[in-house]
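So the chains spell out like this:
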Amino acid sequence: MPYIIGRMLSAERILERCESLAQHSELPGGLTRVFLSPQARAAGDKVLAWMREAGMQAKLDAIGNAVGRYEAARPGLPCLMLGSHLDTVRDAGKYDGMLGVIAAIECVGFLNSKNKRLPFAIEVIGFGDEEGVRFGTTLLGSRAVAGTFDMDVLEAKDPQGKTMADALREFGLDPQAIPRIARKRSDVLAYAELHIEQGPVLEAEGLPVGVVTAINGFSRLRVTLRGAAGHAGTVPMSLRRDALAGAAECALAVERVARSHPELVGTVGRFEARPGAINVIPGEATFTVDVRAPQDSLREHAVAQIRSEIENVSRNRQLASEIESLQHFGVTTCAPRLIERMERAVASQGFRVRRLPSGAGHDGMALGAITEICMLFVRCKGGISHSPLESITREDADAGAKVLLEFIQSYS
Ligand code: GLV
Ligand code: MN
Ligand code: MN
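A count of helical and extended segments in the protein chain gives eleven helices and 16 strands. The C-alpha radius of gyration computed for the protein chain amounts to 23 Å, which stays within 12% of the reference 22 Å derived for 412 residues, consistent with globular compactness. Viewed in the frame of its principal axes, the protein chain has a C-alpha envelope of about 80 × 45 × 40 Å. In the protein chain, which comprises 412 residues, the share counted as buried stands at 55%. Long-range contacts, defined as pairs at least 24 residues apart, comprise 76% of the intrachain contacts of the protein chain with a sequence gap of at least 6.

With an omega of 10°, the peptide bond between Arg-274 and Pro-275 qualifies as cis. Mapping Pro-275 onto the fold places it in the loop between strand E10 (271–274) and strand E11 (280–281). Its identity as a non-glycine residue notwithstanding, Gln-198 has a phi of 65°, on the positive side. One can find Gln-198 in the loop between strand E5 (188–196) and helix H6 (201–205). Look at Gln-198 and you get buried, because its relative accessible area is 18%.

For helix H7 (residues 243–258), which comprises 16 residues, the first-to-last C-alpha distance of 23 Å matches the rise-based estimate of 22 Å (1.5 Å per residue) to within 8%. Of the positions making up H7, those classed as buried are Ala-243, Gly-246, Ala-247, Cys-250, Ala-253, Val-254, Val-257 and Ala-258. Looking straight down H7, one finds its buried side chains confined to an arc of 130°; they lie on one side. Along its buried surface, H7 packs onto strand E7 (217–226), strand E9 (265–267), E10, strand E12 (284–293) and helix H8 (296–316). The N-terminus of H7 is capped by Asp-242, whose side-chain oxygen sits 2.9 Å from the backbone nitrogen of Leu-244.

Our focus in this paragraph is the coordination of the manganese ion (ligand 2). Protein ligation of the manganese ion (ligand 2) involves Asp-96 (OD), Glu-131 (OE) and His-386 (NE2), the donor distances falling in the range 2.1 Å. Here the donor residues of the manganese ion (ligand 2) are spaced in sequence according to D-x34-E-x254-H. The two metals, the manganese ion (ligand 2) and the manganese ion (ligand 3), are separated by 3.5 Å and share Asp-96 as a common coordinating residue. One end of the pair, Glu-131, is in the loop between strand E4 (121–127) and helix H4 (140–146); the other, His-386, is in the loop between strand E16 (373–378) and helix H11 (394–410), and 255 residues separate them in sequence. By relative accessible area, Glu-131 is classed as buried at 13%.

The subject of this paragraph is the packing of aromatic side chains. Under the counting rule described, the total for this entry stands at six aromatic pairs. Here the aromatic rings of Phe-407 and Tyr-411 are separated by 6.1 Å at their centres, their planes lie at 50°, and the arrangement is tilted. Members of the aromatic cluster, joined through ring pairs, are Phe-120, Phe-407 and Tyr-411. In this structure, Arg-41 packs its charged tip against the face of Phe-171, placed 4.2 Å from the ring centre. Lying over the aromatic face of Tyr-70, Arg-117 brings its terminal NZ or CZ to 4.0 Å of the ring centre.

Our focus in this paragraph is the site of ligand 1. With respect to spatial proximity, the complete set of residues near ligand 1 consists of Glu-130, Glu-131, Arg-220, Arg-292, Ala-360, Gly-361 and His-386. Glu-131 is positioned with one of its side-chain polar atoms (N or O) 3.0 Å from an oxygen atom of ligand 1. For ligand 1, an oxygen atom lies 3.2 Å from a polar atom in the side chain of His-386. In isolation ligand 1 has 190 Å² of accessible area, and contact with the protein removes 90% of it. Its residues assigned to classes, the shell around ligand 1 comprises one nonpolar, two polar and four charged.

What follows deals with the nonpolar core. Grouped burial of nonpolar side chains is what soluble globular proteins tend to show. Of all hydrophobic cores here, the largest spans 109 residues; its most connected members are Ile-122 and Val-124. With eleven residues, the top contributor of residues to this core is helix H3 (residues 98–113). Apart from residues no more than four positions distant in its own chain, Val-124 is found in contact with Met-51, Met-56, Ala-66, Val-67, Gly-68, Leu-82, Val-101, Ala-104, Ile-105 and Val-108. Listed in part, the 22 residues of the second largest apolar core include Cys-250, Ile-310, Leu-319 and Ile-323.

Cut-off values and rules
- The residue numbers shown here count from 1 along each chain, following its written sequence.
- The naming scheme follows written order: chains are lettered A onward, ligands numbered 1 onward.
- Local features in this predicted model are restricted to residues whose pLDDT is 70 or higher, and side-chain atom pairs enter the listing and the counts only when it is 80 or higher, whereas totals over whole chains, interfaces and linings include all residues.
- Heavy atoms throughout the structure, all of them, feed into the side-chain values; hydrogens and water do not.
- Here a helix means four or more residues in a row that DSSP labels H or I, a strand means two or more in a row labelled E, and each is numbered from the N terminus.
- Radius of gyration: C-alpha atoms only; globule rule: 2.2 Å multiplied by the number of residues to the exponent 0.38.
- With a 1.4 Å probe rolled over the protein chains alone, any residue whose accessible area is under 20% of its type maximum counts as buried; one over 50% counts as exposed, and the rest are partly exposed.
- By definition in these notes, contact holds between two residues if any of their heavy atoms fall within 4.5 Å.
- Any helix carries an expected span of 1.5 Å times its number of residues minus one.
- The arc in question is traced by the directions running from the helix axis to the C-beta atoms.
- In protein, a polar contact means a hydrogen-donor-capable atom and an acceptor-capable atom, both N or O and within 3.5 Å, with residues adjacent in sequence counting only if both atoms are side-chain atoms; elsewhere, any N or O pair within 3.5 Å suffices.
- Counted as donors are the N, O and S atoms within 2.8 Å of the metal, or 3.2 Å for Na, K and Ca, while water is not among the atoms, so some sites may look incomplete.
- Side-chain rings of Phe, Tyr and Trp, where Trp is taken by its six-membered ring, are said to pair if the distance between their centres is within 6.5 Å; with planes under 30 degrees apart they count as stacked, over 60 as edge-to-face, and otherwise as tilted.
- A ring has a charge above it when a Lys NZ or an Arg CZ is no more than 6 Å from the ring centre and no more than 35 degrees off the ring normal.
- Only a single heavy atom is needed: when it lies within 4 Å of a molecule or strand, its residue is near that molecule or strand.
- Reported accessibility uses the Shrake-Rupley method at a 1.4 Å probe radius. Residues are deemed covered only where the shown protein chains occlude them.
- Gly counts as polar in this scheme, as do all residues outside two lists: the nonpolar Ala, Val, Leu, Ile, Met, Phe, Trp, Tyr, Cys and Pro, and the charged Asp, Glu, Lys and Arg.
- Grouping buried Ala, Val, Leu, Ile, Met, Phe, Trp, Tyr and Cys residues that are joined through side-chain atoms within 4.5 Å yields what is termed a nonpolar core.

So this is what it looks like as structure tokens:
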């Protein structure tokens, strides 16, 4: 659906575009689109075309983010940055990330159709990696923009053994140019991200949108336990050093620690055993741990408890353990002045204002290093996300886009 001069925001176009991006998937019949993949290239090209149609100058940056800029009346002024991510988890929904990028483009397209320039530039970024699926480390696109990208990560390998540096080169990008896309504080007035809630609170309260107060911090570990592989038929139970049974005990310990506080969550999301045969005692097991909380001290204490539980299990079962700290991020607080401005935008559209924290991670966590951030959540059906069942209504897409537009127009 093209823009017509003076046309209104279109929730239909937003949803149509989410559907259109969902076609770019490595999984037929589902949605999986990882960083620097051919599907990411196709989705990025579509987003760049939509940005240009909405009156922006648009290009891929050195890490594969789709970046569009809508100048102020005078070119070169600092920008209000909007955006979210274009990569997905495996077997994902169509809205996690993409909705925020497309809704922001819709708002700029609206301003452009009215020939309206603001006293600041607007940049919309579709970040190339937030989920971290391919290289096991998250927020790559937004960390590059925030200047906190760790160049050592270029040597991280994907499951096929390809380094990130090689994947960037194959995508046509120069890894050494990444530091040059870092923004200066003075270039960015604030970062605002619209995102589906990914939880059940707004639906339970009958509200289309909510204003985020803070994004919970996370810690991620990779744990390897080593015992002794052996014959499943011949080694008596008392003489085994089964790494997988040890890992299973550790997974239950993660669950126990996470259940010890109502605001804590802990997940063992990957679990592998080697050599992985029906008649072989697993000699090695690897699993991941993801711990999140709204207070850093609570999360840090839980991680210490989990480490100590893993060491106890390993000692009792005579296993060697290795615990790698993959990534951790502290709580990112949304700026009170932006929260209040977003709340006024919500109220201006006739909705009750509801503040809520974000349990999920977002690109705003990275942008928080250089600018103040805020987020608007849009209700999703059943609170379901990271699943093909993710869904939003046309009315809620409309509500989210209208609130975001009001926020942008009222920003000064
Ligand atoms: C990102 O979606 C995360 O919170 O893991
Ligand atoms: Mn996600
Ligand atoms: Mn997301």
